[in-house]
Amino acid sequence: MDRAQKEKVVEELGQIFESSGVVVVAHYAGLTVADMQNLRAKAREAGAAVRVAKNRLAKIALEGKPCESMGDLLSGMTVLTYSEDPVAAAKVAEDYSKENDTYEILGGAMGENALDRAGVTAVSKMPSREELIATIAGMLGAPASNIAGAIGAPASNIASILSTVEEKAEAA
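A few points on the structure. Numbering of residues starts from 1 in each chain and follows the order in which that chain's sequence is written. It should be noted that, the model being predicted, local features are given only for residues of pLDDT at least 70 and side-chain atom pairs only at 80 or more, the latter also being counted only at that level, while totals for whole chains, interfaces and linings use all residues. Note that water and hydrogens are dropped before the side-chain values are worked out from all heavy atoms of the structure.

For Phe, Tyr and Trp, rings pair up if their centres lie within 6.5 Å, where Trp contributes its six-membered ring, and each pair is then called stacked (planes under 30 degrees apart), edge-to-face (over 60) or tilted (otherwise). Within this structure, the stated rule accounts for one aromatic pair. A ring pair is formed by Y96 and Y103, whose centres lie 5.3 Å apart and whose planes are at 85°; its orientation type is edge-to-face. Any residue under 20% of the maximum accessible area for its type is buried, any over 50% is exposed, and the rest in between are partly exposed; the area is computed with a 1.4 Å probe on protein chains only. Relative accessible area serves as the criterion here: at 2%, Y103 is assigned to the buried category.

Printed below as a string of structure tokens:
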């Protein structure tokens, strides 16, 4: 790899570190090519991406970025899983580590916050952006159905009271 290629890789990694909501660092020693393709496919489905880069170039790209503190994790055979959605990459990495023992999550970064292994697990359990939007939409629709139920309730209450009074009058 010549100097121009290295500069290009550093620039690409800098873009990744700056624009990603979360970056997860993991060791991938022992993964086969098929395993790595499987990880990439799962990440693509979730809206995340996977990148293998030289640790030295990644550390250079981290300089001056909000997630600079995760540079300590970059040693050995590391792979970066990242996404703009602050949860997607963590979920993919966590799920994949459960399926494959050779994929070991070291930690990562979420904005300026460095994450350890437990931090990545906690982020992966958070609802995704789409799930939050669906929840909010459900909450916005709930008051309307409650109002409709409240408006219809008095009429049904009056009807049941009248039928009870009528039944008592007939019995007497």
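Moving on, we get to the packing of helix α4 (residues 88-99) against helix α5 (residues 117-124). Packed helices, taken two at a time, are described by the angle between their axes plus the distance between the axes. As a packed pair, α4 and α5 sit with axes 8 Å apart at the nearest point and diverge in direction by 110°. The orientation of α4 relative to α5 falls into the category roughly perpendicular. α4 and α5 meet at a crossing whose hand is left-handed. Along the contact surface, α4 presents A90, K91, E94 and S97, while α5 presents R117, V120, T121, V123 and S124. Only the stretch in contact is used when a helix axis is fitted, and all axes are lines through C-alpha atoms; the angle between N-to-C directions ranges over 0 to 180 degrees. Here a strand is any run of E in DSSP of at least two residues, a helix any run of H or I of at least four, and the numbering for each starts at the N terminus. For classification purposes, an angle smaller than 35 degrees is called roughly parallel, one larger than 145 roughly antiparallel, one from 65 to 115 roughly perpendicular, and anything else oblique. Should the near helix be turned counterclockwise from the far one by less than a right angle, the crossing is left-handed, whereas a clockwise turn marks it as right-handed. Between two residues, a contact is recorded if the distance between any of their heavy atoms is within 4.5 Å.

Viewed as axis vectors pointing N to C, helix α1 (residues 3-19) and helix α3 (residues 55-62) meet at an angle of 55°, and their least axial separation amounts to 8 Å. Taken together, the axis directions place α1 and α3 in an arrangement best described as oblique. Where α1 crosses over α3, the handedness of that crossing is right-handed. Between α1 and α3, the contacting residues are K6, V9, V10, L13, G14 and F17 on the first element and L57, A58, I60, A61 and L62 on the second. Under the scheme applied, nonpolar residues are Ala, Val, Leu, Ile, Met, Phe, Trp, Tyr, Cys and Pro; charged residues are Asp, Glu, Lys and Arg; polar residues are all the others, including Gly. Here the contact of α1 with α3 is composed, by residue class, of nine nonpolar, one polar and one charged.

Below, the discussion takes up the pattern of salt bridges. A pairing counts as a salt bridge when a side-chain nitrogen of Lys or Arg comes within 4 Å of a carboxyl oxygen of Asp or Glu. Summed over all chains, the structure comprises five salt bridges. The partner of E18 in a salt bridge is K65, with the nearest N and O atoms 3.9 Å apart. In this pair, E18 is assigned in helix α1 and K65 in the loop between α3 and β3 (78-83), connecting sequence segments 47 residues apart. Under the relative-accessibility criterion, E18 is labelled exposed at 56%.

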